Protein chains: 4
Amino acid sequence: MNTFGNIYRLTSFGESHGPAVGGVIDGLPPGEIFSFEALQEELDRRRPGRDASVSARREPDRLILLSGFLPAGEGLIRSLGTPVGFYVANTDCLPGAYDDIRGLYRPNHADYAWERKYGLRDWRGGGRASGRETVSRVVYGAFARQILSRRGISVNAEVSAVGGCANPAEFSDVIVRARSLGDSLGGIVSATVTGVPAGLGEPTFGKLQQMLASAMLSIGGVHGFDYGDGISLASMTGSEAADGMCPGDGDAPRFLSNHCGGIQGGISNGQDIRFRVFFKPTPSVAVDLPTVDTAGNPARISTKGRHDPCIALRGAPVVKAMAAGVILDAMLLARTVSLD
Amino acid sequence: MNTFGNIYRLTSFGESHGPAVGGVIDGLPPGEIFSFEALQEELDRRRPGRDASVSARREPDRLILLSGFLPAGEGLIRSLGTPVGFYVANTDCLPGAYDDIRGLYRPNHADYAWERKYGLRDWRGGGRASGRETVSRVVYGAFARQILSRRGISVNAEVSAVGGCANPAEFSDVIVRARSLGDSLGGIVSATVTGVPAGLGEPTFGKLQQMLASAMLSIGGVHGFDYGDGISLASMTGSEAADGMCPGDGDAPRFLSNHCGGIQGGISNGQDIRFRVFFKPTPSVAVDLPTVDTAGNPARISTKGRHDPCIALRGAPVVKAMAAGVILDAMLLARTVSLD
Amino acid sequence: MNTFGNIYRLTSFGESHGPAVGGVIDGLPPGEIFSFEALQEELDRRRPGRDASVSARREPDRLILLSGFLPAGEGLIRSLGTPVGFYVANTDCLPGAYDDIRGLYRPNHADYAWERKYGLRDWRGGGRASGRETVSRVVYGAFARQILSRRGISVNAEVSAVGGCANPAEFSDVIVRARSLGDSLGGIVSATVTGVPAGLGEPTFGKLQQMLASAMLSIGGVHGFDYGDGISLASMTGSEAADGMCPGDGDAPRFLSNHCGGIQGGISNGQDIRFRVFFKPTPSVAVDLPTVDTAGNPARISTKGRHDPCIALRGAPVVKAMAAGVILDAMLLARTVSLD
Amino acid sequence: MNTFGNIYRLTSFGESHGPAVGGVIDGLPPGEIFSFEALQEELDRRRPGRDASVSARREPDRLILLSGFLPAGEGLIRSLGTPVGFYVANTDCLPGAYDDIRGLYRPNHADYAWERKYGLRDWRGGGRASGRETVSRVVYGAFARQILSRRGISVNAEVSAVGGCANPAEFSDVIVRARSLGDSLGGIVSATVTGVPAGLGEPTFGKLQQMLASAMLSIGGVHGFDYGDGISLASMTGSEAADGMCPGDGDAPRFLSNHCGGIQGGISNGQDIRFRVFFKPTPSVAVDLPTVDTAGNPARISTKGRHDPCIALRGAPVVKAMAAGVILDAMLLARTVSLD
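In this text the structure is predicted, and so the values were computed from the model without any measurement. Residue numbers here run from 1 along each chain, matching the order of that chain's written sequence. Chain labels run from A onward and ligand labels from 1 onward, assigned in the order the entries are written. Reporting in this predicted model follows two pLDDT cut-offs: at least 70 for local features of residues, and 80 or more for side-chain atom pairs to be given and counted; totals over whole chains, interfaces and linings ignore these cut-offs and use all residues. With hydrogens and water set aside, each side-chain value is computed from the structure's full complement of heavy atoms.

Enquirer: Sorry, what's going on with the overall build of chain A here?
Expert: Check the secondary structure of chain A and you find seven helices and 18 strands. For chain A, the C-alpha radius of gyration of 21 Å lies close to 20 Å, the compact-globule estimate for 340 residues. Taking the principal axes of the C-alpha coordinates as reference, chain A spans close to 65 × 55 × 40 Å. Within chain A, buried positions represent 67% of all 340 residues. Contact between two residues is taken to exist if any of their heavy atoms lie within 4.5 Å; hydrogens are not considered. For chain A, the proportion of contacts with a sequence separation of at least 24, taken over those separated by at least 6, is 70%. Counted as positive: Lys and Arg. Counted as negative: Asp and Glu, with His and the chain ends omitted from the count. A charge is said to be at NZ when it belongs to Lys, at CZ for Arg, at CG for Asp and at CD for Glu. Each charge class in chain A was averaged separately, 34 positive and 35 negative side chains, and the resulting centres sit 4 Å apart. Numbered from the N terminus, helices here are DSSP runs of H or I no shorter than four residues, and strands are runs of E no shorter than two. With C-alpha atoms as the basis for the radius of gyration, the globule rule is written as 2.2 Å multiplied by the number of residues raised to the power 0.38. Residue burial is assigned from relative accessible area. The probe radius is 1.4 Å, only protein chains are included, and a residue is buried under 20% of its type maximum, exposed over 50%, and partly exposed in between.

The structure is reproduced here in structure tokens:
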């Protein structure tokens, strides 16, 4: 269960404090040209340690590609259509930092549930449940975005709210304040995909919104998803929510509104796809909380480590990446509808 | 893409105005005893035409089982561990009712997107995109619920808001009013699963919340999903959202709160699982709306047919069914963690 | 595990002495026209009771389609691109015939292994392990063959050996003799697919020969598979086995031989695909054999029932059907290689 | 399509002359202890360049594990239950050796079919179609074998025929002779799995023989598979082929023979599993053969490179590895039959 996607697939591996994180990307179309530098830049954008509002962990996060390409000159690479093995080494591990909480379950972390499932866990940082696992998702999305981009499809995602504050100009202040209290904040990421052709997604299982929700709820810390007018639709009437149509400029009709977020009956209709992803606050806080140790005795915990006070900030590139992966996957899958 | 689930799987078929809807259930454990009557009752609960607040279509919806069981006496059946083929006949079809809108795209229906994908569509009612497709989901869930129930696991789902109104005592009035205006309403279904063992769900892809979100967003008309404190978590701090722990009565520790909705790091922690599903208003309304015909000419449409003014009402049993299917599937899948 | 295929998929259900056998076909391309009569004829060809060399069981085997089509006039049906639910009723069941062997394990049948796996079994005939399960495979293949046929692809399979005899003119005599002794015979089915485009199959997992082998070894009673010169290649030299090439009439080169059976590196090369399927003798024989009863006591068994003395005969249409399904599946899957 | 298995899964990557070959193993049970040295030894056994009868390519083939383990002291590692990322670097590449045949299609290689499918190919050695891809399979099997071994299950595979010669004492001579002629030979690998519990495999799709056949036919150069008495069964009578039963020492009955190779109705019956794999001769020979170049002009080719004259020799460890993977996968999957 470390594989995502139908045709364009990511199989991911890696613990936060093991040798590396990485994966295998399958289904990358052959003959596509990629800029290696642009791939690396997407990873850099995900990386912690860039400013005060994100985790202080510093990782060069240098992408190593092990297969799937021929060199194409001038920093470019050409895909062979074969699987892409890749990894990023973990070089800034301080496992000693976790020694004193090794025997404690951190509240709202995966620690307790994990140990109940597997009988053991990697107590050095988040292990497999760490945000560092998202490195492989960003690589998965970076290839997809270059392919989509040259076909006129653009995927964007940005933080639209932090701890209840919806004014981007104030995000930085709000976060710095929370960090100074040793606390953390939830947030919302809003995403838009433009240029999507009509006909992506399957009518029953494999609805496009289902693929997107599955992708988003697979990201650590995500507690909600909606698309189009989303949760507001639950308070609307059918006549308010209707996206009327009129003749368009060319063959395709024009929609008079986009309450449905570009998806009808599970299938894209050619309008922009809009959706939102709701992140909980980073569970690691320096605030003192009640817990138990692995022997069941009461204890108190206050996580020091290096953590982002608002995971939604680092979540935005991951949302963008997973959305790009889903769209490319849906485009490849849509080709199986007929033989002609 | 008409199959859902990993081990306990549903493959579904059927158009609203074809001969039947049904499916195949795979992975049903052998030797389990079921009450046929209880299965039929779950279908009856999903059925339209029971009172003024739901669609007037009348279907006996008699469940026909084609395989997978031996009779076990007194209306009981015993599962063989083989796939369960089943169907429910479509007997109350009035395809003539759709003749005058055959050439029009109904706003917020799947009509336009479907035709762009497949090049043709079943214009007789919703076809495959009809709510009638949920019959097979209810059967899938009904078997699961009987199995879960005798292992102390209970799945519940009910409408918690209709068109912005959160008072159940007023739901009926609110709906009757919308219907009298030829309009429809969105709504919210809230679900709780109790008695779930710790350890269900996978850490990366296959998180329990991902399986639930995928199930819920596969239901027609659903525009959003959240779990635990859900979208509210985006406005909270980490210390507010933390679910502290203390020693419990037996071996397992006790949680001091359940903001996380019973799932941590993608894995159930033994607390109740809570989630919500947001439904849009029924797209078919008797209100006059602008559209185009299949030739691209401007037109007006007002859907007469027989439709539920609030699909969330009939959505609740479907939410319950899909949740039960997901939990049983996760329980079977969790057994593959080790050999011992 | 009752689903076969990647894009063009069959999910099958049904025990030999339950109400029906059938399945759901997913991924059937939309807008294709089928002759219902031709579908029924393929089922008739699989049917027992046609002459003395096959089982005496008589089933009308009337195909019932529950979804997936619109009528297209004159006995024709047009596919919607939605899943096809179908079944064939079991009408000639004589479960009483099995009463006296209910507590015995039949040698070379699935009885013992099944009971060890599931804890119970359907003792009325073969249950799920019966050859009757192949009804759904024949339907799966019949749709595929009509689609392939109008694209110039032809799938053929026939019995090439019976009990060591390779002369078709003598097959009937050989079988009648074995039956008169209460015994049964193994056989070989040889298949050829012509008109296959180059490029089908995947290079690593999902090789075309792997898909075919998986399909063939899923048929009850099959004990071996080879393709091209097959097992003879194990005794050949590389220079003997080489399929040299020379310029062809058009763009594509011409092959000077076809030792490889039309598949190289897992991918079709445009030549005919040739493979063989090796069937064991029907396990049910009227010869007295040692066994144990379900309590572990020694016993003797001689299966009376109605059985084909050579399952390879009824296996040929099933081989043909599964091969057609694999080829159509591979053609649809091959479309996912690129976006253009 | 670079993933194999249901629960215990391998996703493989790598071209023969790219940076590395490797993969991700998913579903490895947690808490298992492995000897790293034993893993490396299995890779060494697969490695070419050990004696005159195999390819002269020399690769240290040092296994690098990137995730999935905690150190367990004394060269031992303990599995976390998380995915295992691994690779082996390609260090002995001589791509220049392929320059003069870059524009030619090598007979019986994947070259032509590959180029028809992907529009481009890696002409440096076999690329993805190289035998070097089997490195990841050997690692997949090596973990499985250690797990199976401590549960009393043993997987063995050895070459039983080379170029028609079935006397192991003569294999070396036969191969050296073929090599001296610049030619190559086919061969047979015979495998046995002992200690397998009854109940593995699924009755319809997912039969144990189907899983094995699928695994074996996914290995490059394999042209045939049979199990039990295999292809001989096609010439036998039912009474000859029957595996009678009698009471055993303990609870389980004893079989009087094992014509069926330990599998009945797709499910293991507790006897030894026996099967054979038929390999074609290595397609690269130094004998002059007719071909065409990529522009379609006639040409002659004689492959120099460094190649094994009999791939069956290096195939044996791969057969063993894949068989071990299938058995572990089937054991994990069999646990999903019931909840109890």
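Enquirer: I would appreciate a short explanation of the relation of the copies chain D and chain C in the present structure.
Expert: Copies of the same chain, two in number, are related to each other by a rotation about an axis and a translation along it. For these two chains of identical sequence, chain D goes onto chain C by a turn of 180 degrees and a shift of 0.0 Å along the axis, with RMSD 0.0 Å. What the superposition gives is, in effect, a two-fold axis relating one chain to the other. In superposing the copies, a least-squares fit is computed on C-alpha atoms, taking residues whose pLDDT is at least 70 in both.

Enquirer: How should I be thinking about the pattern of salt bridges in this particular structure?
Expert: Oppositely charged side chains can pair when the atoms bearing their charge come close. When a carboxyl oxygen of Asp or Glu is within 4 Å of a side-chain nitrogen of Lys or Arg, the pair counts as a salt bridge. For the structure shown, the criterion picks out 56 salt bridges over all chains. As a salt-bridge pair, B:R151 and B:E32 come within 2.8 Å of each other at their nearest N and O atoms. You can see B:R151 sitting in the loop between α3 (134–149) and β9 (154–162) and its partner B:E32 sitting in the loop between β3 (20–26) and β4 (33–35), a full 119 residues away along the chain. The buried category is assigned to B:E32, whose relative accessible area is 6%. Notably, a salt bridge pairs C:K117 with D:E202, separated by 3.7 Å at the nearest N-O pair. Here D:E202 lies in the loop between β10 (187–194) and α5 (208–217) and C:K117 lies in helix α2 (residues 111–118), a pairing that spans two chains. Each member of the pair, C:K117 together with D:E202, is buried. Taken together, the shared-partner salt bridges in this structure form one network comprising A:E32, A:R150, A:R151 and C:D340.

Enquirer: Can you help me understand the interface of chain B and chain A in this one?
Expert: Many authors give the size of an interface as the accessible area that is lost as the parts come together. Facing the 99 residues of chain B at the interface are 99 residues of chain A. Throughout, the accessible surface (probe 1.4 Å) given up by two parts as they are put together, summed over both, is called the buried area. Carbon and sulfur atoms supply 66% of the area buried between chain B and chain A, which totals about 7,400 Å² over both sides. A per-residue breakdown of the area chain B buries against chain A is headed by B:M1, B:F205 and B:H223, which together make up 12% of the total. Between the two partners, chain B and chain A, sit two salt bridges. Throughout this description, a polar contact denotes any pair of N or O atoms lying within 3.5 Å of each other; where both atoms belong to protein, one of them has to be capable of donating a hydrogen while the other can accept it, and for residues adjacent in sequence the pair is counted only when both atoms sit in side chains. Applying the counting rule to chain B against chain A returns 43 residue pairs in polar contact (both at pLDDT 80 or more). Polarity classes work like this: nonpolar for Ala, Val, Leu, Ile, Met, Phe, Trp, Tyr, Cys and Pro, charged for Asp, Glu, Lys and Arg, and polar for all others, with Gly in that last group. Here the side of chain B that touches chain A is composed, by residue class, of 51 nonpolar, 37 polar and eleven charged. Two elements, strand β11 (residues 222–227) of chain A and strand β11 (residues 222–227) of chain B, share three bridges in a ladder whose sense is antiparallel. Paired with A:D226 across the two strands is B:G224, which belongs to β11(B). When DSSP locates at least two bridges between a pair of strands, those strands are taken to pair.

Enquirer: It is not clear to me how the interface of chain D and chain C should be interpreted in this structure. Could you clarify?
Expert: Chain D puts 99 residues into the contact, and the matching count from chain C is 99 residues. At the boundary of chain D with chain C, total buried surface from both sides reaches about 7,400 Å², with 66% on carbon and sulfur atoms. Connecting chain D to chain C are two salt bridges. At the boundary of chain D with chain C, the tally comes to 42 residue pairs in polar contact (both at pLDDT 80 or more). Along the lines of polarity and charge, the residues of the side of chain D that touches chain C split into 51 nonpolar, 37 polar and eleven charged.

Enquirer: Is there a simple way to explain the pairing of strand β3 (residues 20–26) of chain D in this structure?
Expert: A regular strand places its side chains on the two faces of the sheet in alternate fashion. Residues and elements named next belong to chain D. With seven of seven residues buried, β3 lies mostly within the body of the structure. Because side chains alternate across β3, one face comprises the buried residues A20, G22, V24 and D26, and the other comprises V21, G23 and I25, equally buried. In textbook terms, the turn of a hairpin is the stretch between consecutive antiparallel strands, and for strand β2 (residues 9–14) and β3 this stretch comprises five residues. Bridge count between β3 and strand β8 (residues 84–89): six bridges; the pairing is antiparallel. Looking across to β8, one finds that V24 is bridged to G85.

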